[in-house]
Amino acid sequence: MKTTVLTLKEQKQKGDKITMLTAYDYSTAKIMDEAGIECLLVGDSLGMVMLGYDSTIPVTMADMLHHTKAVARGAKNALVVADMPFMSYQVSAEDAVRNAGRLMQEGGAQAVKLEGGREVCGQISAITRASIPVMAHLGLTPQSVNALGGYKVQAREAEAAHGLLLDALAVEEAGAFALVLECIPAKLAEWISRRLSIPTIGIGAGAGCDGQVLVYQDMLALYSDMCPKFVRRFADAGEVMRQGFRGYIDEVKAGSFPTEEHSFKMPDEVLSQVEEMSKAGKY
Ligand code: KIV
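This structure is a prediction, so every number in the text was calculated from the model and none was measured. (Residues numbered from 1 in each chain as written. Predicted model: local features only at pLDDT ≥ 70, side-chain atom pairs only at ≥ 80, totals over all residues. Heavy atoms only, no water.)

**Brief notes about the UniProt feature "binding site: 3-methyl-2-oxobutanoate" (unreviewed entry) in the protein**
The residues that UniProt annotates with the feature "binding site: 3-methyl-2-oxobutanoate" (unreviewed entry) are Asp44, Ser45, Asp83 and Lys113. In sequence the annotated residues extend across 70 residues, while in space they remain close, none of their C-alpha pairs exceeding 12.4 Å. With respect to the element layout, Asp44 can be found in the loop between strand S2 (39-42) and helix H3 (46-49). Every residue in contact with Asp44, bar those within four places of it in the chain, is listed here: Thr56, Val59, Met64, Asp83, Met84, Pro85, Glu115 and Gln143. Mapped onto the fold, Lys113 is located in strand S4 (residues 111-115). Judged by its relative accessible area of 2%, Lys113 is buried. Sequence-distant contacts of Lys113, defined by excluding residues within four places in its chain, comprise Leu41, Val81, Ala82, Asp83, Met84, Met135, Ala136, His137 and Val180. (UniProt positions renumbered as here; feature names shortened; annotations may be inferred. Helix = DSSP H or I, 4+ residues; strand = E, 2+ residues; numbered from the N terminus. Contact = heavy atoms within 4.5 Å. Buried < 20%, exposed > 50% of the residue type's maximum accessible area, 1.4 Å probe, protein only.)

Have a look at this one:
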């Protein structure tokens, strides 16, 4: 059954935890969908884990559309949420609606996500008025890394924590259907989750959120440039891949791959005919 924004609302009401992972390509999205993941986030984190930038700032609408299309083709049941990249929604509500519309219409997403609180509520209302579901994102918002002074835990002090609550209530009021809480103290995330009627999805925000999201390269040990404290490595796919690549290199060098099993056959007489043709100077 396809997950929808209503499914997530019901999950919160029932206390059934929401599962979300990032995905950026067809094959991985298909495997995650088959495994039963409920939401796939085409995160602008693709700038770092797929494209090798040192932040999400350089990610463009073209990048997001390219990867969203691939994920949407692989996701049969999971809800596909596409991140709105830096500067695709900050300047005006008009820009925001147009770009959100492209991620839905051209990309095949079923919802969009954008970062920020009270300052982007105009955009959230405008996008939702266009019948596009919006997931909000508060706490450590990576597109603001330069303003925040690095990738740091947010809202540890009372004033900042209160500001975060006001932002959370404001994005809910503006029409967001869910809220990502990134890198904030677990107690605060749990308290905010209880205050909201929309589901919260945490990353580095403890177990009290209504769901969890991780960047899949982090939880499979596929990305080693940084490893945040909140990540658990559920499998070492990086090592499995390294072993596979080494095995391939060794066997090609040794001549033990490919074998007959991986080769196509041709009757000997056909090759003899080709030899004759060649001798006769036909080719
Ligand atoms: O871009 C992303 O992957 C995200 C998650 C970290 C929530 O926004």
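Now that the structure has been shown, we can carry on.
**Quick notes on the site of the ligand**
The environment of the ligand is formed by Thr22, Leu41, Gly43, Asp44, Ser45, Asp83, Lys113, His137, Val180, Glu182, Ile203 and Val215. A distance of 2.5 Å separates an oxygen atom of the ligand from a polar side-chain atom of Ser45. Within the side chain of Asp83, a nitrogen or oxygen atom sits 3.0 Å from an oxygen atom of the ligand. (Near = heavy atom within 4 Å. Polar contact = N/O pair within 3.5 Å; in protein donor to acceptor, adjacent residues only side chain to side chain.)

**What about unusual backbone geometry?**
Across the junction of Phe257 and Pro258, the peptide omega takes the value 0°, indicating a cis bond. Take Pro258: it is sitting in the loop between helix H11 (237-254) and helix H12 (268-279). Unusually for a residue other than glycine, Cys183 sits at a positive phi of about 55°. For Cys183, the position within the fold is in the loop between strand S6 (178-182) and helix H9 (186-195). Positive phi is not limited to glycine here, since Ala221 has a value of about 55°.

**A few points about the pattern of salt bridges**
Applying the stated criterion across every chain, the model contains eight salt bridges. Asp167 is the partner of Arg118 in a salt bridge, and the nearest nitrogen-oxygen pair spans 2.7 Å. Here the residue Arg118 occupies a position in the loop between S4 and helix H6 (121-129), and Asp167 occupies one in helix H8 (residues 158-174), the gap between them amounting to 49 residues. You can call Arg118 partly exposed: its relative accessible area is 45%. It is possible to trace a salt-bridge network through shared partners that takes in Glu94, Asp95 and Arg98. (Salt bridge = Lys/Arg side-chain N within 4 Å of Asp/Glu carboxyl O.)

**Looking at the side chain of Asp83**
Here Asp83 shows up in strand S3 (residues 79-83). When its relative accessible area of 2% is taken as the criterion, Asp83 is described as buried. Only 2.8 Å separates the side chain of Asp83 from the side chain of Lys113, close enough to count as a polar contact. If we ignore the near neighbours within four places in the chain, the residues touching Asp83 are Leu41, Val42, Gly43, Asp44, Met64, Leu103 and Lys113.

**Quick notes on the state of the cysteines**
Enumeration according to the criterion identifies zero disulfides in this entry. With no disulfide partner, Cys209 has as its closest neighbouring cysteine sulfur the one in Cys183, 12 Å distant. For Cys209, a relative accessible area of 0% translates into the label buried. Sulfur of Cys227: no disulfide; nearest cysteine sulfur belongs to Cys183 and is 12 Å away. When its relative accessible area of 45% is taken as the criterion, Cys227 is described as partly exposed. (Disulfide = S-S within 2.5 Å.)

**Here we look at the environment of Ala237**
With respect to the element layout, Ala237 can be found in helix H11. Residues contacting Ala237, with those up to four places away along its chain left out, are Leu220 and Leu222.

**So, the packing of helix H4 (residues 61-74) against helix H5 (residues 93-105)**
Two elements in contact, H4 and H5, have axes separated by 9 Å at closest approach and are oriented at 25°. By the criterion of interaxial angle, the relationship of H4 to H5 is roughly parallel. Pair H4 / H5 crosses with right-handed handedness. When H4 is examined against H5, the residues Met61, Met64, Leu65 and Thr68 are found in contact with a partner set consisting of Asn99, Arg102 and Leu103. The residue inventory of the contact of H4 with H5, partitioned by class, reads four nonpolar, two polar and one charged. (Axes fitted to C-alpha atoms, helices over the stretch in contact; angles between N-to-C directions. Parallel < 35°, antiparallel > 145°, perpendicular 65-115°, else oblique. Left-handed = near helix turned anticlockwise from the far one by under 90°. Nonpolar A, V, L, I, M, F, W, Y, C, P; charged D, E, K, R; others polar.)

**Examining H6**
Every α-helix carries 3.6 residues per turn, so stepping three or four residues along brings you back to the same face. Those residues of H6 that sit buried are Cys121, Gln123, Ile124, Ala126 and Ile127. Where H6 is buried, its residues touch H5, S4, strand S5 (134-139) and H8. Trailing H6 by a residue or two, Ser131 shows a phi angle of about 65°, which is positive.

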